[in-house]
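As a plain string of letters, each chain reads:
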Amino acid sequence: MLSKRFLRPVFRTPVFVLAVALSLSKPAGATGLEEDAADFIRSLSQDAIESLTRKETAREARIGKFRDLFNKHFAVKSIGRFVLGRNWRKATKDERAEYLKLFEDLMVVSYVDRFKRYAGDNLEIAKTRAENETTVTVFSLLPRDAGKPVNILWRVGVLKKSGGVVMKILDVVVEGASMSQTLRSDFGSIIRQRDGKVSGLIEELRLKTAALKNPDKAETSKN
Amino acid sequence: MRKIFRLFPRFRVGLFVPAAALVIALFSGAGCAVVPPASDPEAFAEFREVNDPAEPLNRAIFEFNRGLDTAFLKPVAKAYRDILPPFVQDRFKHALANLRSPIIFINDLLQGELDRAIATLVRFMINSTWGLLGLNDLATDMGMEGHDEDFGQTLAVWGAGEGPYLMLPLFGPSNPRDTIGLVVDYLINPFNLWAANTDRDFAVFARTGTRAVDMRATHMEALDDLEKSSLDFYASIRSLYRQRRLGEVSNGDPSANSPAPGLSQAPRQ
């Protein structure tokens, strides 16, 4: 990307524009799978903007909608398991079930309010890269009021089933910081402080999600 | 030594930061984290992965920094973000980025990235002249986007490891490598040398202060969100800092090999 710096002016010439227009039907280099992944992210972001950014929708309803989107398009169990790391094996069956439920809750209630800010901003897909047969990275940019747009990477997992291809988001990387890795450090630190017990993490998660569900009681940042 | 002081008038001040870091390192003996026993290899591996032997002391400094942030930096950054029109904020951002160009150029060269060095130089020349002293980023409009570099990244490119996590007072998350980088950048920055040689110390403070406010404002929402949703804010920041530095060292080309959830990990149903 960066070594092409000097080629950038070329991108603005009429010849280039013509060439792009001619080749637009089939972007060079991108395989069918990568295009599908890009389309998947594009339609997901439109869905999210349509259903989550309306100011008049009550927060409860937005939470419900986001929960549906999250469960449908994110590999919630895989992410939750990765985030727990080696502690997953230590957890009992009941603990795993409650942890996954609370993990979903935490993601939904902490991310739902972030979409309010993105009203009107369209996610721009910059490029795609197939990491292996089952993972595609979609590189995207989100514009901001001031300064450079935010770099967002989506790791999309592709699952081939008899009925076709199912795509799920495995990780979101914002400006170089992976959501799942940050959560893994966060949760891991709590478990260490609680003498290595998953039940300690579950207690903290209960408190946190309860506070986030009632933003009136908890501290909320005004934007 | 006197000659060095004359050549680099800021050297005296610059010596203070590594000296302070050394004192912290020495005192951190008192604030050491408990090392897990060798009988628990997984816990020991985790301890090494977390790589924060001075965690209790680092946490104390983190709380100190948060106190300062709440009292001073955050309110100023909030006012900067909410009161100044985005157009004016962009002028600040461009001017600050332009003032960093010389140090980016030097580090590009030290890293052997000749085409990036030339790009930085051309950007600096365009933006400082036609861009009206850097207030406008014409180079980006012409298709030459900027990038950032620092001596910590140069050391990483040269093969230096990051070392244990370190929370610096005022300066925030760091490690020994990036602390040295911070000091070296400060000492060799032509802007600082110019300011020191012409008795314009206020210029250095003004620039550093403005940069801190601008950066704080840029990351305001992300930090607020993280603080709100994380169970252990300190651990989240530590992870975030390492990941971002890794991304910066690799010049934003993320590796596909970094650990991430995979669909194959899905629990059987």
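Calculation criteria
Residues numbered from 1 in each chain as written. Chains lettered and ligands numbered in written order. Predicted model: local features only at pLDDT ≥ 70, side-chain atom pairs only at ≥ 80, totals over all residues. Heavy atoms only, no water. Helix = DSSP H or I, 4+ residues; strand = E, 2+ residues; numbered from the N terminus. Buried < 20%, exposed > 50% of the residue type's maximum accessible area, 1.4 Å probe, protein only. Contact = heavy atoms within 4.5 Å. Core = buried A, V, L, I, M, F, W, Y, C linked by side-chain atoms within 4.5 Å. Expected span 1.5 Å × (residues − 1). Patch = residues over 30% accessible without salt bridge, like charges linked within 9 Å, V, L, I, M, F, W, Y side chains within 5 Å. Areas by Shrake-Rupley, 256 points an atom, 1.4 Å probe, with all protein chains shown as cover. Salt bridge = Lys/Arg side-chain N within 4 Å of Asp/Glu carboxyl O. Axes fitted to C-alpha atoms, helices over the stretch in contact; angles between N-to-C directions. Parallel < 35°, antiparallel > 145°, perpendicular 65-115°, else oblique. Left-handed = near helix turned anticlockwise from the far one by under 90°. Nonpolar A, V, L, I, M, F, W, Y, C, P; charged D, E, K, R; others polar. pLDDT = per-residue confidence, 0-100. Pairing = 2+ DSSP bridges. Phe/Tyr/Trp six-rings, centres within 6.5 Å; stacked < 30°, edge-to-face > 60°. Lys NZ or Arg CZ within 6 Å of the ring centre and 35° of its normal. Polar contact = N/O pair within 3.5 Å; in protein donor to acceptor, adjacent residues only side chain to side chain.

Asker: Any chance you could break down the overall build of chain A for me, citing the residues and the numbers?
Answerer: Within chain A one finds eight helices and five strands. Secondary structure elements in chain A, listed N-terminal to C-terminal, are α-α-α-α-α-α-β-β-β-β-β-α-α. The 223 residues of chain A split such that 43% are buried. If you take every contact in chain A between residues at least 6 apart in sequence, the share linking residues at least 24 apart comes to 53%.

Asker: I'd love a proper account of the nonpolar core, names of residues and values included.
Answerer: One finds A:I41, A:Y99, A:F103, A:W154, A:F187 and A:L201 to be the most contacted residues of the largest nonpolar core, which totals 53 residues. Looking at this core, the element that brings in the most residues is helix α6 (residues 93-111) of chain A, giving eight residues. When near neighbours in sequence (up to four residues on either side) are disregarded, A:W154 contacts A:I41, A:L123, A:V136, A:T137, A:V138, A:S140, A:I169, A:D171 and A:V172. Judged by nonpolar contacts, the second largest core, of nine residues, contains B:I61, B:F62, B:L226 and B:F233.

Asker: Which residues make up helix α2 (residues 32-52) of chain A, and what are the values?
Answerer: Residue and element names in this part refer to chain A. Taking 1.5 Å of rise per residue, 21 residues should cover 30 Å, and α2 covers 30 Å from first to last C-alpha, within 8% of that figure. Taken as a whole, α2 has its buried residues at E34, A37, A38, F40, I41, L44, S45, A48, I49, S51 and L52. Residues of α2 that are buried in the fold lie against α3 (59-73), β1 (124-132), β2 (135-142), β3 (150-161) and β4 (164-174).

Asker: Could you give an account of a nonpolar patch on the surface, naming the residues involved and the relevant values?
Answerer: Nonpolar side chains collect at one region of the surface, where B:L109, B:L114 and B:I118 lie side by side and expose about 280 Å² of accessible area between them. If you trace the backbone, B:I118 turns up in helix α6 (residues 114-129).

Asker: Tell me what's going on with the packing of helix α12 (residues 220-229) of chain B against helix α13 (residues 233-249) of chain B, and back it up with residues and numbers.
Answerer: Two quantities define a packed helix pair, namely the angle between the helix axes and the distance between the axes. Residue and element names in this part refer to chain B. Two elements in contact, α12 and α13, have axes separated by 9 Å at closest approach and are oriented at 135°. It follows from the interaxial angle that α12 and α13 lie oblique. Crossing of α12 over α13 shows right-handed handedness. When α12 is examined against α13, the residues L223, L226 and E227 are found in contact with a partner set consisting of F233, S236, I237 and L240. The residue makeup of the contact of α12 with α13, split by class, is five nonpolar, one polar and one charged.

Asker: Talk me through the environment of B:E162; I want residue IDs and the actual numbers.
Answerer: Residue and element names in this part refer to chain B. Counting through the fold element by element, E162 comes out in the loop between α8 (151-157) and β1 (166-168). Under the relative-accessibility criterion, E162 is labelled partly exposed at 27%. Taking the C-alpha atoms as reference points, E162 and D178, 16 residues apart in sequence, are found 7.2 Å from one another. Residues contacting E162, with those up to four places away along its chain left out, are N51, N175, P176, R177 and R242.

Asker: Quick rundown of unusual backbone geometry? Include the residues and the values.
Answerer: Notably, A:D195 is not glycine yet its phi reads approximately 55°, a positive angle. In this model, B:D199 sits at a positive phi of 55°, which is unusual for a non-glycine residue. Structurally, B:D199 can be placed in the loop between α10 (190-197) and α11 (201-218). For B:D199, a relative accessible area of 69% corresponds to the exposed category.

Asker: Provide a residue-level description of the confidence of the model for chain B, including the pertinent values.
Answerer: Residues and elements named next belong to chain B. Residues of chain B with pLDDT of at least 70 account for 82%, and the chain-wide mean is 82. Mean pLDDT values for the elements of chain B range from 57 in helix α2 (residues 11-27) up to 94 in β1. A low-confidence stretch, residues 265-269 stays under pLDDT 50, and its non-local contacts, those more than four residues away or across chains, total ten contacts. Per the prediction output, this complex has pTM 0.79; the corresponding ipTM is 0.77.

Asker: Could you give an account of the pairing of β2(A), naming the residues involved and the relevant values?
Answerer: Residues and elements named next belong to chain A. Of all eight residues that make up β2, seven are buried, and the element is covered over most of its length. In this sheet, β2 lies alongside β1 in antiparallel orientation, the contact comprising seven bridges. Across the sheet, the residue bridging to T128 is V138, located in β2. Remark: two residues form the turn of the hairpin made by β1 and β2, two consecutive strands paired antiparallel.

Asker: Give a description of the sheet that holds β2(A) that names residues and reports values.
Answerer: Residue and element names in this part refer to chain A. Spatial ordering of the open sheet is given by β1-β2-β3-β4-β5, a layout of five strands whose pairing is antiparallel. This sheet does not close on itself; its edge strands, each paired only once, are β1 and β5 (177-178). Of the strands in this sheet, β1, β2, β3 and β4 touch α2, which is tilted by about 65° from β4.

Asker: Talk me through the packing of aromatic side chains; I want residue IDs and the actual numbers.
Answerer: This structure, assessed with the given rule, holds twelve aromatic pairs over all chains. With centroids separated by 5.9 Å and ring planes inclined at 65°, the aromatic side chains of B:Y80 and B:F92 adopt a geometry described as edge-to-face. Of this pair, B:Y80 sits in helix α4 (residues 55-83) while B:F92 sits in helix α5 (residues 86-110), and the two are twelve residues apart along the sequence. An aromatic cluster of three or more residues is present, and its members are B:F62, B:Y165, B:F233, B:Y234 and B:Y241. Sitting above the plane of the A:F82 ring, A:R184 keeps its charged end 4.3 Å from the centroid. For the cation-ring pair, B:R91 lies above B:F87, with the distance from its terminal atom to the ring centre recorded as 4.2 Å.

Asker: Give me the side chain of B:N127: which residues, what numbers.
Answerer: Residues and elements named next belong to chain B. Within the secondary structure layout, N127 lies in helix α6. N127 gets classed as buried once you look at its relative accessible area, which sits at 4%. Among the polar contacts made by the side chain of N127, one reaches the side chain of D137 at a distance of 3.0 Å. N127 has contacts with N98, L132, L133, G134, N136, D137, L138 and A139, leaving out every residue within four places of it along the chain.

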